[in-house]
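Coordinate analysis (summary)
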There are 2 protein chains.
Amino acid sequence: MKIGELAKRTGCSVQAIRYYEKENLLPSTRRSDGNFRLYDESYIEQLSFIRLCRGLDLSLSEVRQLLSLKNSPGADCDEVNYMMEAHIQQVEARINDLMELNDQLRALRSYCSDQQTVENCGILQSLSSSVDDRPTGDTHDRHNGATFSG
Amino acid sequence: MKIGELAKRTGCSVQAIRYYEKENLLPSTRRSDGNFRLYDESYIEQLSFIRLCRGLDLSLSEVRQLLSLKNSPGADCDEVNYMMEAHIQQVEARINDLMELNDQLRALRSYCSDQQTVENCGILQSLSSSVDDRPTGDTHDRHNGATFSG
DNA sequence: ATTGACTCTATAGTCACTATAGAGTTTAGA
DNA sequence: TCTAAACTCTATAGTGACTATAGAGTCAAT
Ligand SMILES: [Zn+2]
Ligand SMILES: [Zn+2]
Ligand SMILES: [Zn+2]
Ligand SMILES: [Zn+2]
């Protein structure tokens, strides 16, 4: 099976598959005479595993860890648990952030009644007012927003 | 006031301020003899406005729109409302996605009881199983994930 | 032989910045 | 006055997980 068929059967894009290979999430395949990648059925499962993890918002680096654990069946699964726990907590923190954000947005929206001019718009007025009792911001970090210092 | 002081007083990084200028969210300033940017007090408010919007997860392009509306006080504020509405809906959709995701993650976590080997880990087993009745994924799009076709 | 569909690599772009290099400027103290 | 520290400047590369594109090659059918 060539890459296009694999893409179609897994719902991935062709470029994503090549990207996963480059990032060592999928092992390199043999190639045809014309240098086309040739996949066997096992790749469907492997790629589906990755897709599933991505659907759970796991980062590629987390998926890489899971894959490497999958390949050491004797190890115990502390690491899996630890990662899942950390991931869940991140997701929950993000949910809390967003819900707080949502409250603020709704409050803001309520400041604007119908058909006013921008000049009198409560939304813009509120956004332009002083910011003293607001949180410091930066609470809405992305999943892997590490500060890389090397 | 030089850029460092503005940064300190607003909680922005120096680079972010320069970035906002480059992206036309902040007007260019006059410069000192040595080509340093010089800001007056009004920039504190302007930058705070931007920060506040960003704290609400508004994209820079949305902030740009708000700023340009702020500068046409006679216009009516339909556009503000429309944008806020769309933004709120995006945030709420994202919250719903994440809550569904969270349920899945918690279910997954419950499959692993204490101290098992990877081989027997319910989490990995579940992730490796077939994917038939799962959603198609790609529901967790980022804020501005437009497909630019130009 | 040619068309069209597919594939290849390499590269640039997305977003909102951060980090760095290498240069110049200003300020304080010796 | 010299110098060192602290600051600023521009320009460029990097972040994540891809998408989009260019320009070339491959393959099957006509
Ligand atoms: Zn995670
Ligand atoms: Zn209004
Ligand atoms: Zn928005
Ligand atoms: Zn387990």
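Residues numbered from 1 in each chain as written. Chains lettered and ligands numbered in written order. Predicted model: local features only at pLDDT ≥ 70, side-chain atom pairs only at ≥ 80, totals over all residues. Heavy atoms only, no water.

This brings us to the overall build of chain A. Scanning chain A from N- to C-terminus turns up six helices and two strands. Element order for chain A, N to C, with α for helix and β for strand: α-α-β-β-α-α-α-α. The 150 residues of chain A split such that 37% are buried. Long-range contacts, defined as pairs at least 24 residues apart, comprise 48% of the intrachain contacts of chain A with a sequence gap of at least 6. Within the structure as shown, chain A displays about 8800 Å² of accessible surface, and the carbon and sulfur contribution to it stands at 46%. (Helix = DSSP H or I, 4+ residues; strand = E, 2+ residues; numbered from the N terminus. Buried < 20%, exposed > 50% of the residue type's maximum accessible area, 1.4 Å probe, protein only. Contact = heavy atoms within 4.5 Å. Areas by Shrake-Rupley, 256 points an atom, 1.4 Å probe, with all protein chains shown as cover.)

Here the focus is the relation of the copies chain A and chain B. With an RMSD of 0.1 Å, the fit of chain A onto chain B corresponds to turning through 180° and sliding 0.0 Å along the axis. This pairing of chains is accounted for by a two-fold axis. The C-alpha atom lying nearest the rotation axis in chain A is that of isoleucine 95 of chain A; the distance is 3.0 Å. Of the residues that chain A buries at the interface, 100% are likewise interface residues in chain B, meaning the two copies contact each other through the same surface. (Least-squares fit on C-alpha atoms with pLDDT ≥ 70 in both.)

Neighbouring DNA strand D are 22 residues, the closest being Ser13 and Arg54 of chain A together with Gly4, Arg18 and Arg37 of chain B. Sugar and phosphate atoms represent 82% of those atoms of DNA strand D found within 4 Å of the protein. Here a phosphate oxygen of DNA strand D and a side-chain polar atom of arginine 18 of chain B are 2.7 Å apart. Those elements giving two or more residues to the surface near DNA strand D turn out to be α2 (14-22) of chain A together with α1 (3-10) of chain B. It is α2 of chain A that provides the largest number of residues to the surface near DNA strand D, a total of four residues. (Near = heavy atom within 4 Å. Polar contact = N/O pair within 3.5 Å; in protein donor to acceptor, adjacent residues only side chain to side chain.)

A word on the coordination of the zinc ion (ligand 2). For the zinc ion (ligand 2), every protein donor is listed as Cys112 of chain A (SG), Cys121 of chain A (SG) and Cys77 of chain B (SG), and the spread of their distances is 2.1 to 2.3 Å. Accessibility expressed as a relative area gives 0% for cysteine 121 of chain A, which makes it buried. (Donors = N, O, S within 2.8 Å, 3.2 Å for Na, K, Ca; no water.)

Before going further, it helps to examine the interface of chain A and chain B. Often, the extent of an interface is quoted as the loss of accessible area on bringing the components together. Residue-level contacts link 56 residues of chain A with 56 residues of chain B. For the pair chain A and chain B, the summed buried surface comes to about 5200 Å²; carbon and sulfur atoms form 67% of the total. Counting across the chain A and chain B interface gives six salt bridges. In this structure, aspartate 57 of chain B engages arginine 94 of chain A in a salt bridge whose closest nitrogen and oxygen atoms are separated by 3.5 Å. The tally of links from chain A across to chain B stands at eleven residue pairs in polar contact (both at pLDDT 80 or more). For the side of chain A that touches chain B, the secondary-structure elements that each account for two or more residues are α3 (42-55), α4 (60-70), α5 (78-110) and α6 (122-128) of chain A. Among the elements that line the side of chain A that touches chain B, the one with the most residues is α5 of chain A, at 20 residues. Looking at the side of chain A that touches chain B residue by residue, the classes come out as 26 nonpolar, 15 polar and 15 charged. (Buried area = accessible area lost by both parts, 1.4 Å probe. Salt bridge = Lys/Arg side-chain N within 4 Å of Asp/Glu carboxyl O. Nonpolar A, V, L, I, M, F, W, Y, C, P; charged D, E, K, R; others polar.)

A few words on the confidence of the model for chain A. For chain A, per-residue confidence averages 82 on the pLDDT scale, and residues scoring 70 or more make up 85% of the total. Ranking the helices and strands of chain A by mean pLDDT puts strand β2 (residues 37-38) of chain A first, with 98, and α6 of chain A last, with 87. (pLDDT = per-residue confidence, 0-100.)

Residues and elements named next belong to chain B. Listing the buried residues of helix α2 (residues 14-22) in full gives Ile17, Tyr20 and Glu21. Projected down its long axis, α2 carries its buried residues within an arc of 100°, all on one side. Exposed residues on α2 whose side chains face more than 90 degrees from its buried face are Gln15 and Lys22. A positive phi of about 60° marks asparagine 24, the residue just after α2. (Arc of directions from axis to C-beta.)

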